Each structure stands twice: as structure tokens, then as C-alpha cells.
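If you want the building blocks of each chain, they are given just below.
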Number of protein chains: 2
Amino acid sequence: MRIGEIAALVGLTTRAIRHYHHVGLLPEPVRLPNGYRTYTVRDAVLLARVRRLTELGLGLDEVRDVLADDAGRDLAEVLEELDADLARQEADIRERRSRLAALRAAPPGATEPVSPALADLFAKAPATGSPSAALDRELLTLLDTAGEGGADVYAALGPIAADPAVLALYERLDELADAPPDDPRIPGLADALVAAVPDAVFDAIPGDGGTGAVAPAVVEALLAEYAPAQAEVVRRVMEAFVRRGRR
Amino acid sequence: MRIGEIAALVGLTTRAIRHYHHVGLLPEPVRLPNGYRTYTVRDAVLLARVRRLTELGLGLDEVRDVLADDAGRDLAEVLEELDADLARQEADIRERRSRLAALRAAPPGATEPVSPALADLFAKAPATGSPSAALDRELLTLLDTAGEGGADVYAALGPIAADPAVLALYERLDELADAPPDDPRIPGLADALVAAVPDAVFDAIPGDGGTGAVAPAVVEALLAEYAPAQAEVVRRVMEAFVRRGRR
DNA sequence: TAGAAACCCTGCCGTTGCGGCAAGGTCAAG
DNA sequence: CTTGACCTTGCCGCAACGGCAGGGTTTCTA
């Protein structure tokens, strides 16, 4: 048989067969005077074995091992390992599909695939035009991905999410967008913000202090997001939290 | 933030982030005078989005598409496609695992992962030292892989698999290993073999004639497996089948 | 008997999402 | 001043082939 014929017989492509020769999985067969490979029925039997094994999901290296060991002993071992691997993959896929399903179930404006707990929180909070509030949402989304905060934090934030008074605070912060860094409204707003956050939120935050386990460079980058006066407010709020953490 | 800091923040490696820049998934950020990349919180939010999407199983191209389209509309579409893909993969893995389970359930000497129907047939036939019988087994295994014969053929072969008279025929074929191609025992054995195969087997074979849909080169390769006198027997048997097919 | 279709050959590049490694430059602390 | 921990670019490797280039052979067909 020539390569195309044996390929059709065992259900492989000629490319695959040549590949197997190339990587040493199968020895090169005898050549005709014109250079064509000629295969015997034995080769077909071998190739069929290879096909069955690869279809089960074995890699070519493993197939080579199984073919080398005449005893079927090694095969059982390899198959067990393979099954474990497939089980892991299957669980993995199911995991992803379930998260996908949860994500697809809540399409109204949900531009972000966040955890269910955070999605709940966002659902409670009314959509607002406040840039500061939008930034907060982004930060929560970020921490959600990083796995920093737990669901506890979101739950603790729940009660104030829908509070109109909180929205008013965001608007006061927005108003500082073009204010100088010594604007007189800063201290009062910072105090109001600190007071607005219930202790439960603070307790739910893991780590050492008010800024959690966040590196200094991250804090710096965060402050850079705000206008000068707003950054000053945020800085004061964070300091207050750190003090609260030391208590 | 520098690259290591943002990587730790969103749970990626620096290599991955640089890779995203490299393939154009994310624009290169501003550089410090020393050449270091500096990231903002915005970048972190973006990277977090990328991480969530890739963790769901999207490819980088798809992530790029989703990030490009500001509307979430395209996202829903991509997610649907992704879910279908994952479903397919999951079914695939389950398929393989079930075949694997069937294979692992029957370990006694089963060196070959064949279809259940063929495994049944092999279980019926006693293990024999006959080389001819062994070759037949290999051929059946081969055809089993190729998906040529169906379970019908195996079922039709069942009744004669355990027949001691069939074994005797194999032994007569073995005895021709060193015989000349004009050995007088040839015609009688060929007739006996043809007579031994029930019509049901023939009826179960798909395709046009006695040799099924097998190409001439395959037949040639098959005959090359036998000693001259044995090949002559096999040739006569096949011819008889072809004649039977024309009837 | 030519021409075209259908085979065959070797060899190299592309795929996916990074990890590893090499060969440097930079910056903080001891 | 020297570690050591960062950062930079860039190229190779991975699994199992598919595609293509560039060329020879065989076989069918007009």
C-alpha cells in the first residue's frame, strides 16, 4: 500500500502519518525505487492502534510509551492518569459554563462579568451619572477580579448602596473636580464620607489596615485618578480608615 | 504602578501582560524615563476585564473584539458562541471518558482498545496459538478501527468463533506455511473455509462485493502477509466471496 | 500520445498563550 | 559598593499537525 491508501484505510491523513514518522513514533517503512513509502498490513494494524489511542486523548509521547511496553501493564497506568486528566478538564469546563450561564442570565446593561455577590450589589445601587461613583464601581470590579475583597464586603456595603444620602456625598465629591487642593469643603466632606461607611464594611475587609493589602504604588496610582481636591479628600478618608484599623 | 505591581494586583504574570501588549490586545502604557512601563488604575481595570474574559475561555482575539465594541451586544454573541463551543468540548470529553471507562473495565489481557462488539467476539473465541487466527484477529481489529465493518458482522461471526472445527481449519492453514504454491491441499482447504463462513456474515458486510470496499492495493498487501501456499488459499476464498456477491 | 488530474516527495512556516532563558539596565537597601 | 529585586528586549519552545512551495511520478482521459 502507498501512504494515501493506508491513510484512507485507518482513517488518518497522510500528513499525520508522515508526522508520526518524523517524530519517531513509527519507523519509516520500506521505500519503492521511486521513493514512495510502501506499507504492509502490519503497519496498518500499528497505525490503527495509534489512532485509537490518540482518539482517547493520549499524547504522542504516551502512545509511544504504550507501544514500546509490550506488556499492557503500562497502558492501564497511562489510562488511569488520562482519565484523571480528563475528569479535571471536564470539571473545569463545567465551572466555566456555570459562570458563563450566570453571566448570560443577567444581560441588562451588565457590561462586566463580575461575581454574583458584586452583581447583586450593583443591582441595588441605582445607576448614576456621578463620575466618582462610576470610578468606585470600577474599583470594586477590579478588586472583585483580583479576589481581594470577599462577598462579606459587598454584603456590608449593601445597606448604603441605595441610600440617597450616599449619592449626595458622591455629588459633593464630583463638585470638587475643578477645585484647588485647599478648598474649604474638603475636611467636611472627608468626615462625612468616613461617617457614612458602616463599621461592618471595615470589619469585613481582610488584611492589616484600612487600605487592605494594597501596595503603596497602587494607592498612589489611585490618587492620580482624582483631581487634586478630590485626591485630598480620598487621602483623608484612607488615613481615617488606617487610624480606625489601629484602634 | 510598575508592571510587577499591576500584575500582582490583577492576578496575572508580567509575561502575560507584556504578551498582551505585544499582540496589540492592550496599548503600551506610558514609559518612565528609565524605560519602565507605568500603569494607571484604568489599566488595571482593563486588565482585570481581560483576565475575567480569558478565564471564561475566550481567545485573545475574541477578547479584543469584545473590548473594541463598546456596546455589550457583541459580547452576548461571543458568549453564546463560546458556550456552544464549551458544550461541544464537554460532550467530547464525556465521550472519551465513557470509552475509556469501558476499556478499563475489561483489563484481562485486552491489549487493544476495540469496540465493545468486537471485544465480545474476541471473548467468545478461545485464545489459540495459531498464527493465522492471530492475523485474523489483527485484521478484525484493524477494520474495527477503520469503522468499516459494523457490529452486524461481529454478531454474524459469533457462532463460529468458538467452533472447534474452525480452529482446525486455521491449523490446516498454518500447516501450509512452508508448502509450495501448488500444494495439493490448497483447493480442499479453500472450499472448506468458504463453506465454514455462514451466509449471514456475508450479508452483513457492506459494500459491493466479497472484499467490501477495500482497495486492490490493500488486498495485495494482505496477501503479502501470507506464505505462498497460504496466499493462494486466501485468494481462492476471496474469489469465492466475490462470486457469491455477484449472485 | 500528449495533457491533465491525482498521487507522491521534502521542508519550512503558522497555529495558541504564554514560559524560559539570555543578556543586559535600574534602583533600593545593607 | 555590592547584592538582590526589579525592569528591558528578543528569540526559542510547546502539541499535533495543516498549508504551501517546488518538484517528481503515475495514471486516467481525450
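Rules used in this analysis
Residues numbered from 1 in each chain as written. Chains lettered and ligands numbered in written order. Predicted model: local features only at pLDDT ≥ 70, side-chain atom pairs only at ≥ 80, totals over all residues. Heavy atoms only, no water. Helix = DSSP H or I, 4+ residues; strand = E, 2+ residues; numbered from the N terminus. Rg over C-alpha atoms; globule rule 2.2 N^0.38 Å. Buried < 20%, exposed > 50% of the residue type's maximum accessible area, 1.4 Å probe, protein only. Lys, Arg positive; Asp, Glu negative; His and termini not counted. Charge placed at Lys NZ, Arg CZ, Asp CG, Glu CD. Contact = heavy atoms within 4.5 Å. Buried area = accessible area lost by both parts, 1.4 Å probe. Salt bridge = Lys/Arg side-chain N within 4 Å of Asp/Glu carboxyl O. Polar contact = N/O pair within 3.5 Å; in protein donor to acceptor, adjacent residues only side chain to side chain. Nonpolar A, V, L, I, M, F, W, Y, C, P; charged D, E, K, R; others polar. Domains from an automatic or database assignment. Phe/Tyr/Trp six-rings, centres within 6.5 Å; stacked < 30°, edge-to-face > 60°. Lys NZ or Arg CZ within 6 Å of the ring centre and 35° of its normal. Near = heavy atom within 4 Å. Least-squares fit on C-alpha atoms with pLDDT ≥ 70 in both. Expected span 1.5 Å × (residues − 1). Axes fitted to C-alpha atoms, helices over the stretch in contact; angles between N-to-C directions. Parallel < 35°, antiparallel > 145°, perpendicular 65-115°, else oblique. Left-handed = near helix turned anticlockwise from the far one by under 90°. Core = buried A, V, L, I, M, F, W, Y, C linked by side-chain atoms within 4.5 Å.

A.B. asks: Report on the overall build of chain A, specifying residues and quantitative values.
C.D. replies: Secondary structure assignment for chain A yields 13 helices and zero strands. The C-alpha radius of gyration of chain A comes to 32 Å, more than 25% above the 18 Å expected for a compact globule of 247 residues. Here the C-alpha coordinates of chain A stretch approximately 95 × 40 × 35 Å along the principal axes. Burial analysis of chain A (247 residues in total) assigns 41% to the buried set. Where the 27 positive side-chain charges of chain A centre and where its 40 negative ones centre are 8 Å apart.

A.B. asks: Explain the interface of chain A and chain B to me, and be specific about the residues and the numbers.
C.D. replies: For an interface, size is often stated in terms of accessible area lost upon the parts coming together. The interface is formed by 52 residues belonging to chain A together with 52 residues belonging to chain B. Together chain A and chain B conceal approximately 5,200 Å² of surface at their shared face, both sides included; 63% is due to carbon and sulfur atoms. For the pair chain A and chain B, the interface holds twelve salt bridges. The salt bridge involving D83 of chain A is made with R97 of chain B; its shortest N-O contact spans 3.1 Å. Linking chain A to chain B there are 16 residue pairs in polar contact (both at pLDDT 80 or more). Elements supplying a minimum of two residues to the side of chain A that touches chain B: α1 (3-10), α3 (41-56), α5 (73-105), α7 (131-146) and α12 (216-223) of chain A. Here the side of chain A that touches chain B is composed, by residue class, of 29 nonpolar, six polar and 17 charged.

A.B. asks: Break down the domain arrangement of chain A for me, with residues and values.
C.D. replies: Residues and elements named next belong to chain A. Considered domain by domain, chain A is made up of domain 1 (3-68), domain 2 (71-105) and domain 3 (112-246). Taken over C-alpha atoms, the centre of domain 1 sits 27 Å from the centre of domain 2. Taken together, the contact between domain 1 and domain 2 spans six residues of the former and six residues of the latter. In total, domain 1 and domain 2 occlude about 500 Å² of area from one another, counting both sides; carbon and sulfur atoms represent 76% of this. On the domain 1 side of the contact with domain 2, L56, L58 and V66 bury the most area, a combined 61% of that side's loss.

A.B. asks: Tell me about the environment of R104 of chain B, residues and numbers included.
C.D. replies: Among the structural elements, R104 of chain B can be located in helix α5 (residues 73-105). Separated by 93 residues in the primary sequence, R104 of chain B and V197 of chain B have C-alpha atoms spaced 32 Å apart. Sequence-distant contacts of R104 of chain B, defined by excluding residues within four places in its chain, comprise A76, L79, E80 and D83 of chain A.

A.B. asks: Any chance you could break down the packing of aromatic side chains for me, citing the residues and the numbers?
C.D. replies: What the rule picks out here adds up to zero aromatic pairs over all chains. A cation over a ring is seen here: R137 of chain A above F122 of chain A, with NZ or CZ 4.9 Å from the ring centre.

A.B. asks: So what about the protein's contact with DNA strand D? Which residues, and what values?
C.D. replies: Close to DNA strand D lie 18 residues; R15 and G59 of chain A together with G4, R18 and R37 of chain B are nearest. Here, DNA strand D places atoms within 4 Å of the protein, and 67% of those atoms are sugar or phosphate. A distance of 2.4 Å separates a base nitrogen of DNA strand D from a polar atom in the side chain of R15 of chain A. One nitrogen or oxygen atom from the side chain of N34 of chain A is found 3.2 Å from a phosphate oxygen belonging to DNA strand D. Looking at the surface near DNA strand D residue by residue, the class counts come to six nonpolar, six polar and six charged.

A.B. asks: Would you mind going over the relation of the copies chain A and chain B in detail, with residue names and values included?
C.D. replies: Between chain A and chain B, which share one sequence, the superposing operator has a rotation angle of 180 degrees and an axial displacement of 0.0 Å; the RMSD is 0.2 Å. Interpreted geometrically, this transformation is the action of a two-fold axis. No C-alpha of chain A approaches the rotation axis more nearly than that of E90 of chain A, which lies at 3.1 Å. Residue by residue, 100% of the interface of chain A is reproduced at the interface of chain B, so both copies engage with the same surface.

A.B. asks: So what's going on with α7 of chain A? Which residues, and what values?
C.D. replies: Given a rise of 1.5 Å per residue, 16 residues ought to cover 22 Å, and the 23 Å separating the end C-alpha atoms of α7 of chain A matches this to within 8%. For α7 of chain A, the full list of buried residues reads S132, A133, L135, L139, L140, T141, L142, D144 and T145 of chain A.

A.B. asks: Could you give an account of the packing of helix α1 (residues 3-10) of chain B against helix α3 (residues 41-56) of chain B, naming the residues involved and the relevant values?
C.D. replies: Two quantities define a packed helix pair, namely the angle between the axes and the distance from one axis to the other. Residue and element names in this part refer to chain B. The geometry of α1 relative to α3 is characterised by a closest axis approach of 10 Å and an angle of 50 degrees between their N-to-C directions. In terms of axis orientation, α1 runs oblique to α3. Note on packing geometry: the crossing formed by α1 with α3 is right-handed. Residue-level inspection shows I6, L9 and V10 of α1 in contact with α3, the latter providing D43, A44, L47, A48 and R51.

A.B. asks: Could you give an account of the nonpolar core, naming the residues involved and the relevant values?
C.D. replies: Considering soluble globular proteins, one finds that nonpolar side chains tend to be buried as a cluster. Membership of the largest hydrophobic core comes to 118 residues, with the highest contact counts inside it found for M1 of chain A together with M1 of chain B. Setting aside residues up to four positions removed in sequence, M1 of chain B forms contacts with A217, V218 and A221 of chain A together with I6, L9, R37, T38, Y39, T40, V41 and A44 of chain B. Ranked by size, the runner-up nonpolar core spans 15 residues in total, among them L121, F122, Y154 and I160 of chain A.

A.B. asks: Tell me about the side chain of E90 of chain B, and name the residues and values.
C.D. replies: With respect to the secondary-structure elements, E90 of chain B resides in helix α5. Setting aside anything within four residues of it in sequence, one finds E90 of chain B in contact with E90, I93, R94 and R97 of chain A.

A.B. asks: Outline the protein's contact with DNA strand C, supporting the account with residue identities and numerical values.
C.D. replies: In the vicinity of DNA strand C there are 18 residues, among which G4, R18 and R37 of chain A together with R15 and Y36 of chain B approach most closely. Each atom of DNA strand C within 4 Å of the protein was classed as base or backbone; sugar and phosphate made up 67%. Between DNA strand C and T13 of chain B, the relevant distance is 3.1 Å, taken from a phosphate oxygen to a side-chain nitrogen or oxygen of the residue. At the level of secondary structure, the elements contributing two or more residues to the surface near DNA strand C comprise α1 and α2 (14-22) of chain A together with α2 (14-22) of chain B. Across the surface near DNA strand C, the residue classes tally to six nonpolar, six polar and six charged.

A.B. asks: A description of helix α8 (residues 151-161) of chain A should follow, citing residues and the corresponding values.
C.D. replies: Considered for burial, the residues of α8 of chain A that qualify are V153, Y154, A156, L157, G158, I160 and A161 of chain A. Contacts made by the buried residues of α8 of chain A are with α6 (116-124), α7, α9 (164-174), α10 (185-196) and α11 (199-204) of chain A.

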